[in-house]
Amino acid sequence: MAEGAPGPVASPPAVLAAYDVVAVPLLLHRSGVVLHANPAMLRLLGCSLEEARGLDVAVLVIEEDRDALRDQVQAGLAPDAPEPPAQTFTLESRQGVRRRVEWTSRACTIEGQRTLVVTCQDLSDMQFVQDSLQQLSQMLHQIIEGGPIPTFVIGVDHRVTHWNRACERLTGVSAMEMRGADGAWRGFWREPRALMADLIVDEAPEALLRSTYADGDARQIEGGDGAWEVEQFFPQLGPEGRWVHFTAVPLRDTAGRIIGAIETLLDVTERRQAEEALRQHRNELELRVQERSAELRGTLHQLEAFMANAPVGVARTRGARIEHHNRKMAEILGWTDDRPPQDTAELFRSREDFEWLRERSTPVLRTGQAWRHEMWLRHRDGRQLWVQLIAYPADVEHIESGAWWLLEDHTEVRLAQDELRSNYDRLKQTLRKLEDAQNQLLQSEKMASIGQLAAGVAHEINNPIGFVSSNLHTLKGYVGQLLALVGAYETAQAQPGAQALAAVEQARHAAEIDYLREDLPALMSESEDGLARVKKIVQDLKDFSRLDQSEWQEADLNAGLESTLNVVRHEVKYKAEVRKFLEPLPLVRCLAAQLNQVFMNLIVNASHAIQGHGVITLASGHQEGWVWIEVADTGCGMTAEVQRRIFEPFFTTKPVGSGTGLGLSLSFSIVQKHGGVIQVHSALGQGSAFRVWVPVAGPGTDGKAATPPALPWVDRQAASTQGGA
């Protein structure tokens, strides 16, 4: 006990005995120090009277509440202080158990000293009941709102409390408008009119119910405890009105008093129309109506029926046992006798699956949150079911009380997904085969193009090789003359004399040494130029075809265009003048060899389109992250019909045997692979222009072509020549 603290109460034993028989937890404290506690309070504190005496009253509550409690104690001990209001604190027992209590403090005088008498009311059980009711109310609300049957609920004041989505779809009136409204008739009539639910809430006599719905043959549902059903035509529903079969059931409290009514609706317009059109099937239709009515009567008596007939399986579990389940759960898992297994683990493919689920779900449920998962379960007949599980804790504060489980069979969806994955894998394999075939076709077309141009390339090489060969023949004669002169000098050196000098002079004259001094450098320079031309042709041909098709790299498209032009020069130079309008370009990430194939196809096609002699214009530029190459000609041009088909495989306007019809088709595929596009501008008799757009950064991750910037078509034929071939 603290120094200076008051000692135990010296009240007469009879007074203490009076405190002890009080059922409400009670304690006395003076200046915040406990003097006495009755047995009810000691049970809450989890200690004996000897342990409680002398304690600071603030340590009886959790740390978060201590400052507020000390303030109350200080205010209560003040002279002439008013009675403090009741406050809510959390007591913490010596064992660590916490309970929420309502703390009421009153001042009195004991042995001449101001003493506070405290009573506590345990609120934990009340909170538990409130939470349970709130959870049940929320669950029933969700069931009503998500139900496929149009349903609304009114209270005794005739105000709408529930108006589910199905009811919104039927009436065309939103729940926002109806909730809290003082008349459900607004969803069905233009003028105020009592609905069946209104009459049931008002406890209208049977005669009034029947007379109100005499045209609809209102009937009381047997065993329905005041439930009624009727069919009626509502002209306001839809453009032509709707026939609706509705059932109204009273809602009662525990004392049996009516606290509201629930009304469910079923659109039977089609059935009514069928009855009018097909009278010969009247009996069959009436039987269907009776069956449907019986089904509705059996499932809509009370709100709990929504859970029992939910479209998903619902079960309440505690530990490894299923304590409650609905019919859907039994149907999904094959409990033909409606009896679940004693051990929930039997529903799983293995005990390990069951333990895994418990390990994963329990920590989440302890936090009060829902847990969702999809996994395989086992049907009673041994079949495997792919299901979606959603778990909710039954009581957040008492996890041992179990959980609610919602189960939905997704086996068909899973099988469909597996089939889609299998089809996707097969499609990927087919795509790879198509890509291989396309690459082979591309290589074949490329080789065919090279073969077609081989004669031209050979001709281009033969020209320089021819005059180099001629120069070598001349050089061979020059070398013989020079060697003869060297021999004369060697003879003169070995046998000097006038005769030797005459022989040297004769050999020098025969060698025409002065002419050789002038002709030999020119001869060598001319030969070097010829060999340089051969080297450039070979290098251009190598640049055109040497790169690996699968090798992405950064390349200068102007350089590729130049090398391609040199490869096809023999194809072009006799048909057209080549004019160039090339701007410096950034390096582009691409498959350079494949784009060279595109340029070759466009240049060769431009040459073939020219009758006689014309002009081929090559232009390039870059804009907003794109590079463009344009090939234009002054050829015959194309009609709109031909332009629509030029990229089709095997389509060609050339004579039979002059083309395969694959050049532009493969060019289109190559540009598309690069994330680019090919644009065409042509008019019959006015020539054609092809513009290839390629993104500088290469194709995107999705492989789809983006939209290049807008660029008008310019007639560059009239522009000044910046280069020719």
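See the structure shown above.
Residues numbered from 1 in each chain as written. Predicted model: local features only at pLDDT ≥ 70, side-chain atom pairs only at ≥ 80, totals over all residues. Heavy atoms only, no water.

Visitor: Looking at this structure, how should I read the overall build of the protein?
Guide: A count of helical and extended segments in the protein gives 22 helices and 23 strands. Put simply, 56% of the contacts in the protein that link residues at least 6 apart link residues at least 24 apart. On the protein, roughly 39,800 Å² of surface is accessible, and the fraction owed to carbon and sulfur atoms is 53%. (Helix = DSSP H or I, 4+ residues; strand = E, 2+ residues; numbered from the N terminus. Contact = heavy atoms within 4.5 Å. Areas by Shrake-Rupley, 256 points an atom, 1.4 Å probe, with all protein chains shown as cover.)

Visitor: Which parts of the structure should I look at to understand the sheet that holds strand β22 (residues 677-682)?
Guide: In a beta sheet, neighbouring strands are held together by backbone hydrogen bonds and run either parallel or antiparallel to one another. Pairing is mixed across the open sheet formed by five strands, whose spatial order is β18-β20-β21-β23-β22. This sheet does not close on itself; its edge strands, each paired only once, are β18 (576-581) and β22. Going across the sheet, the axis of each strand differs from the next one's by a mean of 15°, ignoring polarity. Pairing of strand β21 (residues 626-633) with strand β23 (residues 688-695), which is carried by seven bridges, proceeds in the antiparallel orientation. Residue pairing across strands places Trp626 opposite Pro695, the latter belonging to β23. Contacts between helix α18 (residues 557-567) and the sheet are confined to β18, β20 (614-623) and β21, with β21 contributing the most and set at about 25° to the helix. (Pairing = 2+ DSSP bridges. Axes fitted to C-alpha atoms, helices over the stretch in contact; angles between N-to-C directions.)

Visitor: Sorry, what's going on with the nonpolar core here?
Guide: Most often, soluble globular proteins keep nonpolar side chains buried together rather than apart. If you look at the biggest cluster of nonpolar residues, it comprises 37 residues, and the most contacted ones within it are Leu557, Ile616 and Leu618. If you list the elements that add at least two residues to this core, you get α18, β18, β19 (588-590), α20 (592-609), β20, β21, α22 (663-673) and β23. Residue contributions to this core peak at nine residues, all from α20. Ignoring anything within four residues of it in the chain, the contact list for Leu618 reads Leu561, Leu565, Val578, Arg579, Lys580, Phe581, Leu582, Ile603, Glu630 and Val631. Membership of the second largest hydrophobic core comes to 32 residues, among which are Met178, Trp189, Ile200 and Leu265. (Core = buried A, V, L, I, M, F, W, Y, C linked by side-chain atoms within 4.5 Å. Buried < 20%, exposed > 50% of the residue type's maximum accessible area, 1.4 Å probe, protein only.)

Visitor: I'm lost on the side chain of Glu630 in this one. Help?
Guide: With respect to the secondary-structure elements, Glu630 resides in strand β21. Among the polar contacts listed, one links the side chain of Glu630 to the side chain of Arg691, at a separation of 2.9 Å. In this structure, Glu630 is in contact with Thr617, Leu618, Ala619, Ala689, Phe690, Arg691, Trp713, Val714 and Arg716, ignoring residues within four places of it in sequence. (Polar contact = N/O pair within 3.5 Å; in protein donor to acceptor, adjacent residues only side chain to side chain.)

Visitor: What is the right way to read the packing of aromatic side chains from this model?
Guide: For any pair of aromatic rings, geometry is given as the distance between the ring centres together with the angle between the planes. Under the defined criterion, the tally for this structure stands at 13 aromatic pairs. Measuring from centroid to centroid gives 6.0 Å for Trp163 and Phe188, while their planes differ by 55°, and the two rings are tilted. Taken together, the residues Trp163 in strand β7 (residues 160-163) and Phe188 in the loop between α7 (175-178) and α8 (196-201) connect sequence positions 25 residues apart. Trp163 gets classed as buried once you look at its relative accessible area, which sits at 0%. For Phe188, a relative accessible area of 1% puts it in the buried group. Within the aromatic cluster, the residues linked to one another by ring pairs are Phe152, Trp163, Phe188, Trp189, Tyr213, Phe234 and Phe246. One residue, Arg272, lies across the ring of Trp243, its end atom 3.8 Å from the ring centre. Lying over the aromatic face of Trp628, Arg691 brings its terminal NZ or CZ to 5.5 Å of the ring centre. (Phe/Tyr/Trp six-rings, centres within 6.5 Å; stacked < 30°, edge-to-face > 60°. Lys NZ or Arg CZ within 6 Å of the ring centre and 35° of its normal.)

Visitor: Would you mind going over a nonpolar patch on the surface with me for this structure?
Guide: Judged by side-chain polarity, Val21, Val22 and Val24 come together as a nonpolar surface patch covering roughly 240 Å² of accessible area. Among the structural elements, Val24 can be located in the loop between α1 (13-20) and β1 (26-30). On the basis of relative accessible area, Val24 is assigned to the partly exposed category, the value being 39%. (Patch = residues over 30% accessible without salt bridge, like charges linked within 9 Å, V, L, I, M, F, W, Y side chains within 5 Å. Salt bridge = Lys/Arg side-chain N within 4 Å of Asp/Glu carboxyl O.)

Visitor: Sorry if this is basic, but what is going on with the packing of α18 against α20 here?
Guide: For the pair α18 and α20, the least separation of the axes is 9 Å and the interaxial angle reads 50°. In terms of axis orientation, α18 runs oblique to α20. Where α18 crosses over α20, the two elements pack in a sense that is right-handed. When α18 is examined against α20, the residues Leu557, Gly560, Leu561, Ser563, Thr564 and Leu565 are found in contact with a partner set consisting of Leu595, Asn596, Phe599, Met600 and Ile603. Of the residues in the contact of α18 with α20, the class split is seven nonpolar, four polar and no charged. (Parallel < 35°, antiparallel > 145°, perpendicular 65-115°, else oblique. Left-handed = near helix turned anticlockwise from the far one by under 90°. Nonpolar A, V, L, I, M, F, W, Y, C, P; charged D, E, K, R; others polar.)

Visitor: Can you walk me through helix α10 (residues 269-277) in this structure?
Guide: An α-helix turns once per 3.6 residues; consequently, residues spaced three or four apart project the same way. Listing the buried residues of α10 in full gives Thr269, Arg271 and Glu275. Projected down its long axis, α10 shows its buried positions confined to an angular sector of 165°, all on one face. For α10, the exposed residues lying more than 90 degrees away from the buried face are Glu270, Glu276 and Ala277. (Arc of directions from axis to C-beta.)

Visitor: When you look at the pattern of salt bridges in this model, what are you seeing that I'm missing?
Guide: Any two side chains of opposite charge can pair if their charged atoms end up close together. Applying the stated criterion to the full structure yields 27 salt bridges. A salt bridge links Arg271 to Glu275; the shortest N-O distance between them is 3.5 Å. You can see Arg271 and its partner Glu275 sitting in helix α10, four residues apart, about one turn around the helix. Neither residue differs from the other here; Arg271 and Glu275 are each classed as buried. Between Lys580 and Glu562 there is a salt bridge whose closest N-O contact spans 2.8 Å. With Lys580 in strand β18 and Glu562 in helix α18, this residue pair connects regions lying 18 residues apart in the sequence.

Visitor: Is there a simple way to think about helix α4 (residues 63-77) in this case?
Guide: The end-to-end C-alpha distance of α4 is 22 Å, a good match for the 21 Å that 15 residues give at a rise of 1.5 Å each. Those residues of α4 lying buried are Asp65, Leu69, Gln72, Val73 and Gly76. The buried residues of α4 occupy an angular sector of 100° when projected down its axis, which confines them to one face. In α4, the exposed positions angled more than 90 degrees off the buried face are occupied by Glu63, Asp67, Asp71 and Gln74. The elements touched by buried residues of α4 are β1, β3 (87-92), β4 (98-110) and β5 (113-122). (Expected span 1.5 Å × (residues − 1).)

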